[in-house]
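Below, each chain spelled out in residue letters.
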Amino acid sequence: TVPVTTGTIPAGTPIALELVSFGAGNEFVPGFNELGQTAPNYISTPACGGFPEPTDLALLPTPFPDQHLILDCTSLEAPPVDDSIGCNYCSPAVPNSTGASGTISANGSVLIADNDVTLTAQNLPLNESAYFLASPGNGTLAPAGSMGIFCLIAQNPDFVGRYFNDVFDTGSSGSGSMTIDIDNVPIAGGMTPVGPFTRGLQPGETWRFQCWYRDGTCGTCNNFTDAIEILFQ
């Protein structure tokens, strides 16, 4: 086992591992079992001059001083767990001033008891204000003054929540994330803040989320990402 101390190597990445001997008395002798090589192993011995390029070890009768054994390895690190949840709709969103469409994603768990959902908005204009919205309903509306489409129209128009207390700046990455509290999801009066009012979500409910953001390149313009719906259990 060779620890890697200069960063993280993704699973499945080829690795060149070089073992070097320095001078007489420090040689190492690679061993072979009775089955022979299962794949070529290579050695280079620049000090001897006979093998300046990596040469298959099976062709060498004895080790040489200053030999370099290069092992062809593969990282066995477990790949990252994909904990994405929900299904996107209203995609793609109306492009913003960057030329890209804003996107929303969700990660965590659909289990109410876990209370583990993180929303992430990406492909937004840089250094602009943004916040997330929540609703149990869907539908589309083009609000006056907005370049985008609002996709969280509820069965009750007053039953749409806005995370006013969690406004974020898109910064230099044009993105932002927020871990929501499933026990305190905002509900408010349509597109106008009334409250704050919150309630906890229940198993069997499907809720939708979207991100609203400003796009200052056109003065007071604003836009929306696409939306995502999550069936909670």
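Trainee: Mind showing me how you'd approach the overall build of the protein here?
Mentor: Secondary structure assignment for the protein yields zero helices and 16 strands. In the protein, which comprises 233 residues, the proportion classed as buried is 35%. Once local pairs closer than 6 in sequence are excluded, the contacts in the protein between residues at least 24 apart make up 64%.

Trainee: I'm lost on a nonpolar patch on the surface in this one. Help?
Mentor: Side chains of V94, M147 and I149 sit close together on the surface and give an oily, nonpolar patch of about 190 Å² of accessible area. Relative to the assigned elements, M147 resides in the loop between β9 (129-135) and β10 (161-162).

Trainee: Before we go on, may I ask you to explain the confidence of the model for the protein in this structure?
Mentor: Low pLDDT means the predicted coordinates in that region are not meant to be read closely. Of the residues in the protein, 63% reach a pLDDT of 70 or more, and the chain-wide mean stands at 78. In the predicted structure, residues 190-194 sits below a pLDDT of 50 and forms 13 contacts with residues beyond four places in sequence or in another chain.

Trainee: Can you walk me through the sheet that holds strand β7 (residues 103-108) in this structure?
Mentor: Note on sheets: strands pair through backbone hydrogen bonds, and any given pair is parallel or antiparallel. Reading across from one edge, β5-β7-β8-β12 is the order of the four strands in this open sheet, with antiparallel pairing throughout. Whereas interior strands pair on both sides, the edge strands pair on one side only; in this sheet they are β5 (84-85) and β12 (176-180). The pairing of β5 with β7 spans two bridges and is antiparallel. Bridging from a neighbouring strand, I85 pairs with A106 of β7.

Trainee: Any chance you could explain the state of the cysteines here in plain terms?
Mentor: Among covalent bonds in proteins, the disulfide is the one between the sulfur atoms of two cysteines. Counted by the stated rule, this structure contains one disulfide. Bridging C90 to C151, the disulfide has an S-S length of 2.2 Å. With the S-S bond torsion at -110°, the cross-link from C90 to C151 turns out left-handed. In this pair, C90 sits in the loop between β6 (87-89) and β7 while C151 sits in the loop between β9 and β10, placing the two residues 61 residues apart along the sequence.

Trainee: Help me out: how do you make sense of the packing of aromatic side chains in this one?
Mentor: Any aromatic ring pair is given by two values, namely how distant the centres are and how the planes are angled relative to each other. If you walk through the whole model with that rule in mind, you get four aromatic pairs. Their ring planes at 45° and their centres at 5.7 Å tell us that F150 and F224 sit as a pair that is tilted. Residue F150 is located in the loop between β9 and β10, and its partner F224 is located in strand β16 (residues 222-231); the two are separated by 74 residues in the primary sequence. Looking at F224, the relative accessible area reads 1%, which means it is buried.

Trainee: Honestly, the nonpolar core in this entry has me stumped. Any pointers?
Mentor: The nonpolar side chains of a soluble globular protein tend to be buried with one another. Judged by nonpolar contacts, the single largest core of 26 residues is most densely connected at V117, F132, Y163, W207, F209 and F232. Broken down by secondary-structure element, the contributors of at least two residues to this core are β7, β8 (117-122), β9, β12, β13 (185-189), β15 (206-214) and β16. By residue number, the principal contributor to this core is β15, which donates four residues. Contact partners of V117, with chain neighbours within four places excluded, come to I85, N107, S109, M178, T179, I180, I182, I230 and F232. Within the second largest apolar cluster, ten residues are counted, among which are L133, C151, L152 and F224.

Trainee: Where do I start with a negative patch on the surface in this structure?
Mentor: Taken together, the side chains of D82, D83, D114 and D116 present a region of like negative charge at the surface. Along the chain, D116 falls in the loop between β7 and β8.

Trainee: Even after reading the chapter, I still don't get the pattern of salt bridges, so can you show me in this structure?
Mentor: Opposite charge on two side chains makes pairing possible when the charged atoms of those side chains draw close. With the rule as written, the count across this model stands at two salt bridges. Note that E205 and R199 form a salt bridge whose closest N and O atoms lie 3.0 Å from each other. A relative accessible area of 25% places R199 in the partly exposed class. The salt bridge involving E229 is made with R208; its shortest N-O contact spans 3.1 Å. Here R208 lies in strand β15 and E229 lies in strand β16, a separation of 21 residues in the sequence. For E229, a relative accessible area of 26% translates into the label partly exposed.

Trainee: Help me understand the side chain of N222, please; the structure alone is not making it clear to me.
Mentor: The topology assignment puts N222 in strand β16. Within the local environment of N222, its side chain forms a polar contact with the side chain of S146, the two groups lying 3.0 Å apart. Polar contacts involving the side chain of N222 include one to the side chain of W212, which spans 3.0 Å. Setting aside its immediate chain neighbours within four residues, N222 contacts G145, S146, M147, G148, W212, Y213, R214 and D215.

Quick notes on the rules
- Residues numbered from 1 in each chain as written.
- Predicted model: local features only at pLDDT ≥ 70, side-chain atom pairs only at ≥ 80, totals over all residues.
- Heavy atoms only, no water.
- Helix = DSSP H or I, 4+ residues; strand = E, 2+ residues; numbered from the N terminus.
- Buried < 20%, exposed > 50% of the residue type's maximum accessible area, 1.4 Å probe, protein only.
- Contact = heavy atoms within 4.5 Å.
- Patch = residues over 30% accessible without salt bridge, like charges linked within 9 Å, V, L, I, M, F, W, Y side chains within 5 Å.
- Areas by Shrake-Rupley, 256 points an atom, 1.4 Å probe, with all protein chains shown as cover.
- Salt bridge = Lys/Arg side-chain N within 4 Å of Asp/Glu carboxyl O.
- pLDDT = per-residue confidence, 0-100.
- Pairing = 2+ DSSP bridges.
- Disulfide = S-S within 2.5 Å.
- Phe/Tyr/Trp six-rings, centres within 6.5 Å; stacked < 30°, edge-to-face > 60°.
- Core = buried A, V, L, I, M, F, W, Y, C linked by side-chain atoms within 4.5 Å.
- Lys, Arg positive; Asp, Glu negative; His and termini not counted.
- Charge placed at Lys NZ, Arg CZ, Asp CG, Glu CD.
- Polar contact = N/O pair within 3.5 Å; in protein donor to acceptor, adjacent residues only side chain to side chain.

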